[in-house]
Amino acid sequence: MEYRVLGKTGLRVSTLGFGGSEVGYQAVAQKTVDKILNTALDAGINVIDTAECYADGEALIGKAISKRRAEVVLMTKCGHAPLGSASERAGGYATPDWDPAMLARSIERSLKNLRTDHVDVMQVHSPPLATLKDGRVIEVLHKARERGQARFVGCSADADEAVYAVECGAFDTLQISLSIADQEAIDRVLPKAAARRMGVIVKRPIANAAWRHGKQPPADWYTRPYWDRLQKLDYDFVHRGVEDAVAIALRFTLGTAGVTTAIVGTTRPERIAQNIAHAGAGPLPPAEYEAIRTRWRSVAPSDWTGQR
């Protein structure tokens, strides 16, 4: 396992992290989450990222790592009002809510769910640009840091919001989408983040493997924009088979200058070893990496901005 320093935080993090959305949204059994996370920790993955809106994801993760908290660089996000019971959550997603009082309660609830007195990074979750500029949300995070509820604060954002999150100087880390189907950040955001020594956490690093869908997904699917883009990008490697394509996609992202760690979620314990093997193969050969970049530049229109 390769490790990098998460910007000015000084935290030593594995280049491959675990993302908790799938285990929450897909109502994965606790024993399976226990197996996934213990397998990950045993293999050297020390980054776990989740959010208060991932259904029961925080609680599942909190229980799974309760005896191994010291081994984890634990990150979560705030910015969505909670839905009610688990049965109510099954039908939809939590809605954004930027009320400062709600955010403060959300942070306390996350710590309780995660069975810890602090997280290593508390992130604001996909805020609109106007919300960031307002400043009150940032103030809530800074107060959480002052109280010791978070060691560092970050922002999960893309496009214009990501640029502002970097340039405003209020955050220690940035979480952003970057993949073979989402490359805006490479030129527009990462150099700015590097100049400010911000740790960069990449979400959706394999574009949700959207090419797996043989038919066009429904318009409201989370993966639909990437599926549409990949039809036009038509990389040759996506036709080689899912595992080969996943390996190339992950190595592309991890080999991009300025990326510190990439979080990949799964509901299957066996995927942990497979993802580690892909990451362990190292960066793509320069010519192969540049071919993906060149294809993007020749195909991507200006409205292919970073996807939340």
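Please refer to the structure placed before this passage.
Criteria and cut-off values
Residues numbered from 1 in each chain as written. Predicted model: local features only at pLDDT ≥ 70, side-chain atom pairs only at ≥ 80, totals over all residues. Heavy atoms only, no water. Core = buried A, V, L, I, M, F, W, Y, C linked by side-chain atoms within 4.5 Å. Buried < 20%, exposed > 50% of the residue type's maximum accessible area, 1.4 Å probe, protein only. Helix = DSSP H or I, 4+ residues; strand = E, 2+ residues; numbered from the N terminus. Contact = heavy atoms within 4.5 Å. Phe/Tyr/Trp six-rings, centres within 6.5 Å; stacked < 30°, edge-to-face > 60°. Lys NZ or Arg CZ within 6 Å of the ring centre and 35° of its normal. Pairing = 2+ DSSP bridges. Right-handed = clockwise from strand over helix to strand, strands pointing away. Expected span 1.5 Å × (residues − 1). Salt bridge = Lys/Arg side-chain N within 4 Å of Asp/Glu carboxyl O. Polar contact = N/O pair within 3.5 Å; in protein donor to acceptor, adjacent residues only side chain to side chain.

## Re the nonpolar core
Judged by nonpolar contacts, the single largest core of 86 residues is most densely connected at Leu37, Phe171, Ile180, Trp211 and Tyr235. Membership of the second largest hydrophobic core comes to ten residues, among which are Leu11, Val121, Phe152 and Ile201.

## A few points about the side chain of Arg293
Secondary-structure assignment places Arg293 in helix H14 (residues 286-299). Accessibility expressed as a relative area gives 3% for Arg293, which makes it buried. Contact partners of Arg293, with chain neighbours within four places excluded, come to Gln183, Ile186, Asp187 and Phe252.

## As for the packing of aromatic side chains
The final tally for this structure, using the stated rule, is four aromatic pairs. Summarising the aromatic geometry, the rings of Trp296 and Trp304 are spaced 5.5 Å apart at their centres and angled 50° between planes, so their arrangement reads as tilted. Judged on exposure class, the residue Trp296 and its partner Trp304 are both buried. Above the face of the Tyr3 ring, Arg12 is positioned so that its terminal group lies 4.0 Å from the ring centre. When the ring centre of Tyr222 is taken as reference, the NZ or CZ atom of Arg204 above it lies at 3.7 Å.

## Examining the pairing of strand E5 (residues 73-78)
Among the six residues in E5, six count as buried, and that is most of the element. Side chains Val73, Met75 and Lys77 project from E5 onto one buried face, and the interleaved Leu74, Thr76 and Cys78 project onto a second face that is buried too. Summarising the sheet, strand E4 (residues 47-49) and E5 pair through three bridges and their orientation is parallel. Among the inter-strand pairings, Ile48 is bridged to a residue of E5, identified as Leu74. In terms of handedness, the path from E4 via helix H3 (residues 57-64) over to E5 forms a crossover that is right-handed. Inspection of the sheet shows E5 paired to strand E8 (residues 119-125) by four bridges, in the parallel sense. Its bridge partner being in E8, Met75 is matched across the sheet by Val121.

## Describing helix H12 (residues 242-254)
Taking 1.5 Å of rise per residue, the 13 residues of H12 would be expected to cover 18 Å, and the 18 Å separating its terminal C-alpha atoms lies within 8% of that figure. The element H12 is extensively covered by neighbouring structure, given that ten of its 13 residues are classed as buried. The complete set of buried residues in H12 reads Ala245, Val246, Ala247, Ile248, Ala249, Leu250, Arg251, Phe252, Thr253 and Leu254.

## A short note on the pattern of salt bridges
Counted according to the given criterion, the structure contains 20 salt bridges. Among the ionic pairs, Arg68 bridges to Asp42, the shortest N-O distance being 2.9 Å. Taken as a pair, Arg68 in the loop between H3 and E5 and Asp42 in helix H2 (residues 30-42) lie far apart in primary sequence, 26 residues in all. Overlapping salt bridges bring together Asp42, Arg68 and Glu71 as one network.

## Overview of the side chain of Ser177
Within the secondary structure layout, Ser177 lies in strand E10 (residues 173-177). Here Ser177 falls in the buried class, since its relative accessible area comes to 1%. Engagement of the side chain of Ser177 in a polar contact is seen with the side chain of Lys203, the distance being 2.7 Å. Sequence-distant contacts of Ser177, defined by excluding residues within four places in its chain, comprise Asp158, Asp182, Ala185, Lys203, Arg204, Tyr226, Gln307 and Arg308.

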